[in-house]
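Residue-level listing of the chains:
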Amino acid sequence: MKMKTLARMMPILAVAAATGEASAAGFQLLEQNASGIGNAYAGSAAVAENASTIYFNPAGMTQLKDREFSAGIAVVRPSFRFANENSSAGALTSTGNGGDAGSTGFLPNLYASWALNKDLYVGLGIGAPFGLKTEYDNPWIGGAQSVRFEIKTVNINPSVAYRVNEKVSIGAGINWQRIDVDYTRVLGTNSAPLGVTVPFPLNTSTGTFSANDSTWGWNAGALFTLSETTKVGVSYRSKMRYTVKGDLTVQGPYAPLNAARSGPANATVELPDVFVLSVVQQLDPRWTMMGDISWTGWSSIPQVDIMRAVGTNPAQTLDTHFRDTWRFALGSNYRLNDTVKLRFGVAYDQTPVRSDQHRLVSLPDSNRTWLTTGAQIKVNPSSAVDLGVAYIKAGESHIDNNQSPLRGYVKGVYDARVWILGAQYSMAF
């Protein structure tokens, strides 16, 4: 009965997992479980305490019982508020700070693992590893650079793990991943058809690029049990290369402009690979410490060219100039009693944005500090509920992005922060 219920839930989770809000630096989403939130995801590749290890390190399945199931959801509420410092809308007439560009996102996840024998395990995970949504209120002085930018992904991850011996386990998986992109901005002065005078202000027209694609990647990991109290995990997730295809649609009061600038379009982007090194150390029967060092290859996105189906020049180029980044996390667990375990964590998350000049209004990112706590409650010997909360404070992020006269000059300061609430139910049977 339980396996039939799980089978019915999987397609629902596959659709729902596509909606997300950036919480880690860049637009990476770490919220692949709720049990890790309380520890700021420290020890993610070595903990292996429920089926969500399928995402963080598939080798961890060898530490689980014969059949395990885990389902959870994280509610992410980012806030991005802009304070203007002599910005200019260029040839447009837009004004205003755009309100709060953040909005609430929901990130469900689902995992199941099965032991085929005492050393060989298989599993399946569903989640959303990347996501972003920034949307500014009208009026907004940076509207010619971006009004709304949304990235949604869903990742389906079949995996296998093998226990080599009592000290070493290895695991690997394949990943089918889909991405959907929606990007809207106010039109700039280069958007009028040649030789045509537009009888309306161009800031009454918008251009929207909507596209999607799917691709394949892989992940692998190893888990080393150095002693009864010490585990070390390493994991790697591959790059994911997309050529998103869709339509560039112009909407506004002037029909010839709409027709001349609308049509098929595409863009190529390579989402980054990720390497994680984790350690878990049990200090005594009550206290456990864990640490994480992770590297993300954001330099795979130096820029994004949005190309029309006809022509060789980009309709627009997003100059990201991303750099590779590091993340450091430290966490602890305190076993209060046989029923309740308390979690604590802190992390430093480096932004891929190189400079104020390359910070985008669609991604006003900066270095982030995580402060987290949570608890695990044992419902019975074979099931548990995890709850977690995280407060992420981004450093003051300055922007000095000059795209005048076509898309204006945005100069100012962002105040950014993120709240995350997570819940997860795990069981073994």
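Only a predicted model underlies this, so the values are computations on that prediction, with no experimental measurement involved.

What follows is about the overall build of the protein chain. Secondary structure summary: the protein chain contains 3 helices and 20 strands in total. The proportion of buried residues among the 429 residues of the protein chain is 55%. Within the protein chain, counting contacts between residues at least 6 apart in sequence, those at least 24 apart form 73% of the total. Just so you have it, the protein chain exposes about 17,500 Å², and 59% of that area is on carbon and sulfur atoms.

With that settled, the discussion passes to a nonpolar patch on the surface. Taken together, the side chains of Phe275, Leu277, Ile293, Trp326, Phe328 and Tyr348 make up a nonpolar region of the molecular surface, amounting to roughly 530 Å² of accessible area. Put simply, the parts of the chain that give the nonpolar patch at least two residues each are strand 11 (274-282) and strand 15 (325-335).

In the structure shown here, the tally under the stated rule is 15 aromatic pairs. Aromatic pair Phe149 and Tyr183: ring centres 5.1 Å apart, planes at 50°, arrangement tilted. With Phe149 in strand 5 (residues 148-163) and Tyr183 in strand 6 (residues 168-186), the pair connects residues that are 34 residues apart, well separated along the chain. Looking at Phe149, the relative accessible area reads 9%, which means it is buried. Relative accessible area serves as the criterion here: at 4%, Tyr183 is assigned to the buried category. Ring centres of Trp326 and Phe328 lie 6.5 Å apart, and the angle between their planes is 15°; this geometry places the pair in the stacked category. For Trp326, a relative accessible area of 40% gives the class partly exposed. Accessibility expressed as a relative area gives 39% for Phe328, which makes it partly exposed. A connected cluster of aromatic rings, assembled from ring pairs, spans Phe27, Phe130, Trp298 and Phe322.

Further remarks concern the nonpolar core. Among the nonpolar cores identified, the biggest contains 32 residues, and Ile37, Tyr41, Met61, Leu107, Trp370 and Ile420 are the most heavily contacted of them. Secondary structure elements with two or more residues in this core: helix 2 (53-56), strand 1 (67-84), strand 2 (105-115), strand 18 (383-394) and strand 20 (409-428). No other element matches helix 2, which puts 3 residues into this core. For Tyr41, the contacting residues outside a window of four places in its chain are Leu30, Glu31, Gln32, Asn33, Gly36, Phe56, Asp292, Arg327 and Trp370. Ranked by size, the runner-up nonpolar core spans 26 residues in total, among them Leu248, Trp298, Val304 and Val353.

The calculated volume of the largest pocket comes to roughly 750 Å³. Forming the walls of the largest pocket are 32 residues, and the residues nearest its centre are Val47, Ala48, Glu49, Arg335 and Lys341. Of all the secondary structure elements, the ones that give two or more residues to the lining of the largest pocket are strand 8 (230-237), strand 11, strand 12 (287-296), strand 15, strand 17 (368-380), strand 18 and strand 20. The residue inventory of the lining of the largest pocket, partitioned by class, reads 10 nonpolar, 11 polar and 11 charged.

Another point: the environment of Gly252. Along the chain, Gly252 turns up in the loop between strand 9 (240-251) and helix 3 (255-261). Gly252 sits in the partly exposed class, given a relative accessible area of 32%. Considered as a pair, Gly252 and Thr204 are 48 residues apart in the sequence and their alpha carbons are 6.1 Å apart. When residues no more than four places from it in sequence are discounted, the contact partners of Gly252 are Thr204, Ser205 and Asn258.

Another point: the confidence of the model for the protein chain. With 89% of its residues at a pLDDT of 70 or more, the protein chain shows a mean pLDDT of 90. Residue range residues 1-18 is modelled with pLDDT below 50. Its contacts to residues more than four positions away, or to other chains, number 32 contacts.

Sheet analysis places strand 5 next to strand 6, joined by 14 bridges and oriented antiparallel. The residue bridging Phe149 from the neighbouring strand is Tyr183, located in strand 6.

Within this structure, the stated rule accounts for 17 salt bridges. Here Glu49 and Arg343 are joined by a salt bridge, their closest N and O atoms 2.7 Å apart. Here Glu49, found in the loop between helix 1 (2-16) and helix 2, pairs with Arg343, found in strand 16 (residues 340-349); they are 294 residues apart in sequence, far enough to count as distant. Exposure remark for Glu49: the relative accessible area of 28% places this residue in the partly exposed category. When the shortest N-O distance is used, the salt bridge between Lys239 and Glu270 registers 3.9 Å. With a gap of 31 residues between them, Lys239 in the loop between strand 8 and strand 9 and Glu270 in strand 10 (residues 263-271) connect regions that are remote in the sequence.

This brings us to unusual backbone geometry. Looking along the chain, the bond that leaves Asn138 and enters Pro139 is cis, with omega of 10°. If you trace the backbone, Pro139 turns up in the loop between strand 4 (131-135) and strand 5. The phi torsion at Ala40 lies on the positive side, around 55°, for a residue other than glycine.

Inspection of the secondary structure puts Ser383 in strand 18. Here the side chain of Ser383 touches Asn380 through a polar contact of 2.9 Å, side chain to side chain. If sequence neighbours within four positions are ignored, Ser383 has contacts with Lys378, Tyr425, Ser426 and Met427.

This part takes up the pairing of strand 8. Here 8 bridges tie strand 7 (residues 206-227) to strand 8, and the two strands are oriented antiparallel to one another. Within strand 8, the position partnered with Ala222 by the bridge is Val234. Between the antiparallel neighbours strand 7 and strand 8 lie 2 residues. The pairing of strand 8 with strand 11 spans 8 bridges and is antiparallel. Of the residues in strand 11, the one forming a bridge with Ser235 is Val276.

Rules used throughout
Residues numbered from 1 in each chain as written. Predicted model: local features only at pLDDT ≥ 70, side-chain atom pairs only at ≥ 80, totals over all residues. Heavy atoms only, no water. Helix = DSSP H or I, 4+ residues; strand = E, 2+ residues; numbered from the N terminus. Buried < 20%, exposed > 50% of the residue type's maximum accessible area, 1.4 Å probe, protein only. Contact = heavy atoms within 4.5 Å. Areas by Shrake-Rupley, 256 points an atom, 1.4 Å probe, with all protein chains shown as cover. Patch = residues over 30% accessible without salt bridge, like charges linked within 9 Å, V, L, I, M, F, W, Y side chains within 5 Å. Salt bridge = Lys/Arg side-chain N within 4 Å of Asp/Glu carboxyl O. Phe/Tyr/Trp six-rings, centres within 6.5 Å; stacked < 30°, edge-to-face > 60°. Core = buried A, V, L, I, M, F, W, Y, C linked by side-chain atoms within 4.5 Å. 1 Å grid on protein atoms, 1.4 Å probe; cavity = no way out; pocket = protein on both sides within 12 Å on 5 of 7 lines; lining within 4 Å. Points joined across faces, edges and corners; volume = space filled by probe spheres on them. Nonpolar A, V, L, I, M, F, W, Y, C, P; charged D, E, K, R; others polar. pLDDT = per-residue confidence, 0-100. Pairing = 2+ DSSP bridges. Polar contact = N/O pair within 3.5 Å; in protein donor to acceptor, adjacent residues only side chain to side chain.

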